[in-house]
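Observations on the model geometry
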Amino acid sequence: MTAVSRQVRVGCEFRYTAEVQTPAIFQVEPSGVGPAAVLQQGWDIQPATTRHGYTDLYGNDCQRLTLPAGDSTLRYNALVAVPDATEDVDLDAAELPVPQLPDDVLIYTMPSRYCLPDVLGDQAWRLFGGQKPGYRRVQAICDHVNSHLRFEYGTSSPTTTAAEAYAAGSGVCRDFAHVAISFCRALSIPARYVFGYLPDMDVPPDPAPMDFAAWMEVYLDHRWWTFDPRNNAARKGRTLIGRGRDAVDVAMVTTYGGPLLRSMQVWAEEAT
């Protein structure tokens with residue numbers, strides 16, 4: 001039986017002003033590793049500049065270029081096919097003891113710049129240590145993070161850690177993911193940070209301007225499962241851009257200098 005899919009338009013636009021030529025890395029292209037499949041994509045960069053793609057150590061697709069001195073606009077557009085289904089859920093998926101974890105998964109049990117299982121460990125064990133290990137315990141972590149944190153722009157910064165966001169009780173989707181990942185890792189459950197595009201498919205539209213979305217993947221029963229502490233629901237249309245230990249590994253833009261970002265737009269909507 002052929003899987004049913006739907007088409008989504010995703011993309012973004014950045015407008016910069018730079019005093020001098022500034023090398024930069026952009027990570028905004030949908031990943032070539034399913035379930036979303038890129039049908040069309042393209043860049044429009046004004047003034048024109050050369051760029052080239054490469055794959056980073058986490059397997060993420062990146063573009064290298066140099067922002068010119070003065071004003072520039074970079075626009076990326078893609079048409080992707082996504083499954084007409086939410087991500088998989090298995091309430092009986094089991095946690096694996098550390099000795100049974102694959103070697104390449106162990107890095108996602110350790111502290112990273114923004115995910116701090118060592119700092120939040122006591123809290124994690126107090127809240128979740130007595131729960132039966134497995135998918136339901138990870139979902140309990142997401143439920144707690146979703147209720148504990150208030151989603152609000154401007155209440156955290158690009159350098160806010162999971163511990164700081166948890167103490168403040170507020171943040172944006174990256175903070176929700178960082179806190180949940182930290183709790184999972186504190187319990188020796190491998191968890192990694194994911195970001196991408198998340199259209200409002202078959203859910204009430206969010207009146208806020210579209211932005212990139214962050215969620216997490218957790219390793220249970222010999223595979224990775226999607227969890228979303230911010231929205232706390234299975235969703236359709238997730239279009240993954242990158243995976244890493246935390247947000248530092250999948251920054252949408254990295255600049256080697258200080259250009260002024262004058263505006264940023266993001267879109268993700270079903271194609272009509």
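Here the structure is shown first, and the text comes after it.
We now turn to the structure provided with this report. This one's a predicted model, so the numbers in the text were calculated from it and none came from an experiment.

**Concerning the nonpolar core**
Residues Phe26 and Tyr197 are the most contacted members of the largest nonpolar core, which totals 65 residues. At nine residues, helix H4 (residues 173–186) tops the list of elements feeding residues into this core. Excluding residues that lie within four positions of it along the chain, Phe26 makes contacts with Phe14, Tyr16, Trp43, Cys62, Gln63, Leu65, Leu67, Leu74, Met252 and Val253. In this structure, Val105, Tyr108, Tyr219 and Trp224 belong to the second largest nonpolar core, which totals six residues.

**Side note on helix H1 (residues 117–128)**
Along its twelve residues, H1 runs just 13 Å from first to last C-alpha, ending more than 12% under the 16 Å computed at 1.5 Å per residue. Within H1, the full set of buried residues consists of Pro117, Leu120, Gly121, Ala124 and Phe128. In an axial view of H1, the angular spread of the buried residues amounts to 145°, which keeps them on one side of the axis. Residues of H1 that are exposed and point over 90 degrees away from its buried face: Val119, Asp122 and Arg126. Buried residues belonging to H1 abut helix H2 (135–148), helix H3 (162–168) and H4.

**Observations regarding unusual backbone geometry**
In this model, Gln46 is joined to Pro47 through a cis peptide bond whose omega is -10°. The residue Pro47 is located in the loop between strand E3 (37–46) and strand E4 (51–55) in this model. Of note in this structure, Ser188 is not a glycine but carries a positive phi near 65°. Among the structural elements, Ser188 can be located in the loop between H4 and strand E9 (191–197).

**Focus: the side chain of Thr22**
Its location among the elements puts Thr22 in strand E2 (residues 22–26). Here the side chain of Thr22 touches Val20 through a polar contact of 2.9 Å, landing on its backbone oxygen. Among all residues touching Thr22, those that are not within four sequence positions of it are Leu65, Thr66, Leu67, Thr255, Tyr256, Gly257 and Pro259.

**What about the pattern of salt bridges?**
As enumerated under the stated definition, the model contains 18 salt bridges in all. Across the salt bridge formed by Glu95 and Arg137, the nearest N and O atoms sit 2.9 Å from each other. Placement of the pair is Glu95 in the loop between strand E6 (70–83) and H1 and Arg137 in helix H2, with a sequence separation of 42 residues. Here Glu217 and Arg192 are joined by a salt bridge, their closest N and O atoms 2.7 Å apart. Of this pair, Glu217 sits in strand E10 (residues 213–220) while Arg192 sits in strand E9, and the two are 25 residues apart along the sequence. An identical accessibility class is assigned to Glu217 and Arg192; each is buried. Each of Arg6, Asp84, Asp202, Lys236 and Glu270 takes part in one network of salt bridges that share partners.

How each quantity is defined
Residues numbered from 1 in each chain as written. Predicted model: local features only at pLDDT ≥ 70, side-chain atom pairs only at ≥ 80, totals over all residues. Heavy atoms only, no water. Core = buried A, V, L, I, M, F, W, Y, C linked by side-chain atoms within 4.5 Å. Buried < 20%, exposed > 50% of the residue type's maximum accessible area, 1.4 Å probe, protein only. Helix = DSSP H or I, 4+ residues; strand = E, 2+ residues; numbered from the N terminus. Contact = heavy atoms within 4.5 Å. Expected span 1.5 Å × (residues − 1). Arc of directions from axis to C-beta. Polar contact = N/O pair within 3.5 Å; in protein donor to acceptor, adjacent residues only side chain to side chain. Salt bridge = Lys/Arg side-chain N within 4 Å of Asp/Glu carboxyl O.

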